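Okay, here's what each chain looks like letter by letter:
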Amino acid sequence: MIETRNLTKRYGSKTVVDNLSVQIQPGVVTGFLGPNGAGKSTTMRMLLGLERPTSGTALIDGVPYRTLKRPLTTVGALLDAGWVHPKRSARDHLRWVAASNRIDTARVDEILEIVGLREAARRKAGEFSLGMRQRLGLATAMLGDPQHYILDEPVNGLDPEGIHWIRQVMRRLADQGKTVLVSSHLLSEMSQTADNLIVIAQGRLLADTTVEAFVAAQGAGKIRVRARRLDELAAALRHRGAEVIVRDSAQDRCLAVTGLSIEEVADVAGDYGVLELGQERVSLEDAFIEMTRDGVEYAGSVGRK
Ligand SMILES: Nc1ncnc2c1ncn2[C@@H]1O[C@H](COP(=O)(O)OP(=O)(O)OP(=O)(O)O)[C@@H](O)[C@H]1O
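Computed from a predicted structure; not experimentally measured.

## Some points on the pairing of strand S10 (residues 223-227)
With burial as the criterion, only one face of S10 is covered, namely that bearing Ile-223, Val-225 and Ala-227; the residues Arg-224 and Arg-226 on the opposite face remain uncovered. As defined by bridge partners, S10 adjoins strand S12 (residues 253-258) across 3 bridges and the pair is classed as antiparallel. Residue pairing in the sheet places Val-225 in a bridge with Leu-255 of S12. Across 5 bridges, the pairing between S10 and strand S13 (residues 274-279) is antiparallel. Bridging across to S13, Val-225 finds its partner in Leu-277.

## Remarks on the sheet that holds strand S6 (residues 148-152)
Ordered by their spatial adjacency, 6 strands build an open sheet running S5-S6-S7-S3-S8-S9, and the pairing between neighbours is mixed. Taken across any chain shown, the strands that pair with only one partner, and hence form the sheet edges, are strand S5 (75-78) and strand S9 (204-210). Shown here is a sheet whose adjacent strand axes are inclined to one another by a mean of 15°, direction ignored. Pairing between strand S3 (residues 29-33) and strand S7 (residues 179-184): 5 bridges, direction parallel. Considered in S7, the bridge of Leu-33 is made with Ser-184. Where helix H1 (residues 40-47) meets the sheet, it contacts S3, S6, S7 and strand S8 (196-201), and its direction lies at approximately 145° from that of S6.

## Observations regarding unusual backbone geometry
The phi dihedral of Asp-61 falls on the positive side, at around 50°, and the residue is not glycine. The residue Asp-61 is located in the loop between strand S4 (55-60) and S5 in this model.

Here is what the cut-offs are and how they apply
- Residues numbered from 1 in each chain as written.
- Predicted model: local features only at pLDDT ≥ 70, side-chain atom pairs only at ≥ 80, totals over all residues.
- Buried ≥ 20, exposed ≤ 12 C-beta atoms within 10 Å, placed from the backbone.
- Helix = DSSP H or I, 4+ residues; strand = E, 2+ residues; numbered from the N terminus.
- Pairing = 2+ DSSP bridges.
- Axes fitted to C-alpha atoms, helices over the stretch in contact; angles between N-to-C directions.
- Contact = placed C-beta atoms within 7 Å.

See below:
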């Protein structure tokens, strides 16, 4: 299991990770979600022993990463597509990593096949595209067949085919019973990739739940309404005691209403040129924006699977 206990990191007076306690379970893909600068990379770097916590602990199977004897056989990591000497071939890079971790070099050709780099194995890594570098980074992470994976924005810069491939790899690893922690600020991506979600903003835990429960809880009981005179309708609904959120997106402008029944909303909306009325089905994107905007404490309100 990957775990943080009251994990805190400060740079000067700025708290980047704030008292974060989470447990990442095996057998599922856990999405680590947050807007830019939320503290995801810093948390992952602390888990990998690359940053020292100001307080609290980051543990892999109950111990700090730094104490692992052959780390690559316990945790596979992908940070910034991994570092590779530009003049070294993919194969030589992997053989070097394998040797330094006492991993059988026979595994190198096997893993090159798995990540689809067999043809390019003898080319210099400096000539690789971003997508190929991501594949090589993942190959490095998978080399020691570790139980745990920590992947920082692995889909960054990939084309749709590459994204599909990475998703499949993560799913397969989870199905094999591995722990897979994957960060992203792309919510739509996470909704298609992850089973569980850990959401942070400004270093603080906002949600620790399943993707399904997260979306359901965010959208529960809201009524979506579009009308010609939307702002006036919003005021009228508030006057009737409803809680009203104005959703402004590139596609449309609508209201999300709670505190009144759909019949009551319909009664009011009739006077304001109603165009559409129904139970809201929120996207993960909307739920996330709403949550991080309000900074609502969410953790614990919805149980895990
Ligand atoms: N070494 C450092 N010194 C000072 N501040 C830092 C350092 N590393 C990170 N930060 C700050 O910590 C905050 C969190 O950064 P972090 O990279 O962990 O966020 P993130 O959630 O991974 O965001 P992104 O998706 O943009 O990578 C940012 O405001 C960043 O500027």
